Amino acid sequence: MAPRPWADEILYFVVVDRFADGDAANNTAVDVAAQGAFHGGDLKGLRQQLDELSSLGVTALWITPVVKNIDSFVTGAGFPDWGYHGYWADDFHQLDPRIGTEEDLRALVDDAHRRGIRVLLDVVYNHPGYNSHYVTKPETKNWLRSEERGTCGQDDVTSCVSGLPDFKTELPEVAKYLLDAQLDWAKRSGVDGFRLDTVKHVDHPFWKEHRRRLREEVSKDFFLLGEVWGGDAESLDPWFAGDEMDAGFDFGFQGSTLAFVQGRGRTIAFDKYLKSRAKVRPGYLLAHFLSSHDVTGALHQLEGDVKRFRLAVVLQLTTSGIPTLYYGEEVARPGGDWPANRSDMPWGSRDVRPGAGKPRDEDLRKLYQKLTSIRRAHVALSRGTHQGLSTDGDLYVFLRHEAGSGDAVIVAINRGAQPAKVSLPWPEAWGRTAAEDVLNGGRLEGPSLELTVEPLGARILGRIQTQ
Ligand SMILES: [Ca+2]
Ligand SMILES: [Ca+2]
């Protein structure tokens, strides 16, 4: 694949078990009616849907962990809850047969690469699953802190997250075992990077060694996107300063954006939040999501208000960082509170299981297609500076500008119930050429920029490219 900065990627996150079923033969203990059970999705099914993802315009894929998970369920949530999500490992040296084989994983990565799509594998170093064999086997039982033995600590690194057994990653033997296993998958699968789970629950020396070994043994460009719960430009910095991660999730984007589109808080406060994202250490990136497997879905939080959701999507795909789309969001999959936030991918009239027959909002998907193509055509949207131009009332206008290419894009969002108007100076970066609304169509001429934005409407303006 041709080199491309990660700042330009549009990432799509898939919970493999809940996406597409390409192999009924691996469907052991599948029960689509049970919310905590396996639903049959697998790597083969995902691979068969790469054209679906390509046509959506995403450029990178993040898949849930593929290693063998525990074979039993837990009942703490009030229903049988299985390791369908991949975060409850039972053997780091085997793939989960319900997800697929090593060949399936390699074929997925190869086919994705052929379409110009990079792949991030989700990796967990902090813990195995509940009652995993690591806890009971004599060779490994001292590798873990556990509630059963009363050995869980009190701090982020030594506590037992969600009551899960905690790997003593500070012990060289434990670190080596975990690193050897995951680096081996990186080498064998050809993935482009890892999405790293529970980052703040593992010690910094481990992450430094992790990075050092990946660069030496796999690739100097191997990309690391870390989940530091609650992370933002400032709180992620220790993992950037220490050369441990390349990027981290911005947990503030969902709440700030949903509040803005719902008319809560002043427009200037939202502008201030978006500007604060530029404080991220130069060369490092934030990844921003509207929904995930760990938070309540955005559309659900908006009580199904697709008009406001569309504004949030425009903001996600026109602001800096790596936009991280959550599977099915693009067709209005109703993702509620946990565990409904991991519901099945809707397939409409197609039968690729898990959510076969469930309806899709194809108009919403068309908006995503349009926005991904606009983002990919305008480097200002992925790499440019962010400058608020108007923050009066319910209208928010901002400029994204990338000096190297001279590309400049203006985005205008009206969250109010009335049409909003503003008159702005013609952007210097556009010179004297005319501009066009690349989202809705329509031409604009200088000498000033006279903008009207419909209620709950958005406009994206760029200079008309001369041939
Ligand atoms: Ca299957
Ligand atoms: Ca830990």
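Everything numeric in this text was worked out from a predicted model, so none of it was measured.

## As for the pattern of salt bridges
Moving on, step 1. A full pass over the atoms with the stated rule returns 43 salt bridges.
Moving on, step 2. The partner of Asp394 in a salt bridge is Arg415, with the nearest N and O atoms 3.0 Å apart. Note that Asp394 is positioned in the loop between strand 13 (385-390) and strand 14 (395-402) and Arg415 in the loop between strand 15 (407-414) and strand 16 (420-425), a separation of 21 residues in sequence.
Moving on, step 3. You can call Asp394 partly exposed: its relative accessible area is 33%.
Moving on, step 4. The class for Arg415 is buried, based on a relative accessible area of 6%.
Moving on, step 5. Overlapping salt bridges bring together Glu52, Arg350, Arg360, Glu362 and Arg365 as one network.

## Details of the state of the cysteines
Moving on, step 1. Following the criterion strictly, the structure yields one disulfide and no others.
Moving on, step 2. Between Cys152 and Cys160 runs a disulfide, and the two sulfur atoms are separated by 2.0 Å. The sign of the -95° torsion about the S-S bond sets the Cys152-Cys160 disulfide as left-handed.
Moving on, step 3. Looking at Cys152, the relative accessible area reads 23%, which means it is partly exposed.

## Details of the environment of Lys176
Moving on, step 1. Position of Lys176 among the secondary structure elements: in helix 5 (residues 172-189).
Moving on, step 2. Sequence separation between Lys176 and Glu209 is 33 residues, and the spatial gap between their C-alpha atoms is 9.6 Å.
Moving on, step 3. A distance of 2.6 Å separates a polar atom in the side chain of Lys176 from a polar atom in the side chain of Asp180.

## A short note on the side chain of Arg360
Moving on, step 1. Looking at the secondary structure, you find Arg360 in the loop between strand 12 (322-326) and helix 12 (362-377).
Moving on, step 2. On the accessibility criterion, Arg360 (17% relative accessible area) is buried.
Moving on, step 3. For Arg360, the side chain forms a polar contact with the main-chain oxygen of Pro346, separated by 3.1 Å.
Moving on, step 4. For Arg360, the side chain forms a polar contact with the side chain of Glu362, separated by 2.7 Å.
Moving on, step 5. Ignoring any residue separated from it by four or fewer positions in sequence, one finds Arg360 in contact with Glu52, Val331, Met345, Pro346, Trp347, Gly348 and Arg365.

## Here's the deal with helix 3 (residues 102-114)
Moving on, step 1. Over its 13 residues, helix 3 runs 18 Å from end to end, which matches the ideal 18 Å to within 8%, given 1.5 Å per residue.
Moving on, step 2. Burial in helix 3 covers these residues: Asp104, Leu105, Ala107, Leu108, Val109, Asp111 and Ala112.
Moving on, step 3. Looking at the buried positions of helix 3, the neighbouring elements they touch are helix 1 (43-48), helix 2 (50-56), strand 2 (60-63), strand 4 (89-95), strand 5 (118-123) and helix 5.
Moving on, step 4. In the stretch just after helix 3, Gly116 is the one whose phi turns positive, near 75°.

## Quick look at the domain arrangement of the protein
Moving on, step 1. Segmentation of the protein into domains returns domain 1 (6-126 + 169-377) and domain 2 (385-463).
Moving on, step 2. When each unit is reduced to the centre of its C-alpha atoms, the spacing between domain 1 and domain 2 is 32 Å.
Moving on, step 3. Counting from both sides, the interface comprises 25 residues of domain 1 and, opposite them, 19 residues of domain 2.
Moving on, step 4. In total, domain 1 and domain 2 occlude about 1,800 Å² of area from one another, counting both sides; carbon and sulfur atoms represent 69% of this.
Moving on, step 5. Of all residues in domain 1, the largest losses of buried area upon contact with domain 2 belong to Thr267, Leu311 and Thr318, amounting jointly to 29% of the total for that side.
Moving on, step 6. On the surface where domain 1 and domain 2 come into contact, there are zero salt bridges.
Moving on, step 7. Summed over the shared surface of domain 1 and domain 2, the result is five residue pairs in polar contact (both at pLDDT 80 or more).

## Section: the layout of surface pockets
Any space left empty among the atoms is revealed by the rolling of a water-sized probe across them.
Moving on, step 1. Here the largest pocket is characterised by a volume of approximately 440 Å³.
Moving on, step 2. The wall of the largest pocket is formed by 21 residues, among which Val161, Ser162, Leu164, Asp294 and Arg342 lie closest to the centre.
Moving on, step 3. Looking at the lining of the largest pocket residue by residue, the classes come out as nine nonpolar, six polar and six charged.
Moving on, step 4. Looking at the second largest pocket, its volume works out to about 360 Å³.

Cut-offs and rules
Residues numbered from 1 in each chain as written. Chains lettered and ligands numbered in written order. Predicted model: local features only at pLDDT ≥ 70, side-chain atom pairs only at ≥ 80, totals over all residues. Heavy atoms only, no water. Salt bridge = Lys/Arg side-chain N within 4 Å of Asp/Glu carboxyl O. Helix = DSSP H or I, 4+ residues; strand = E, 2+ residues; numbered from the N terminus. Buried < 20%, exposed > 50% of the residue type's maximum accessible area, 1.4 Å probe, protein only. Disulfide = S-S within 2.5 Å. Polar contact = N/O pair within 3.5 Å; in protein donor to acceptor, adjacent residues only side chain to side chain. Contact = heavy atoms within 4.5 Å. Expected span 1.5 Å × (residues − 1). Domains from an automatic or database assignment. Buried area = accessible area lost by both parts, 1.4 Å probe. 1 Å grid on protein atoms, 1.4 Å probe; cavity = no way out; pocket = protein on both sides within 12 Å on 5 of 7 lines; lining within 4 Å. Points joined across faces, edges and corners; volume = space filled by probe spheres on them. Nonpolar A, V, L, I, M, F, W, Y, C, P; charged D, E, K, R; others polar.

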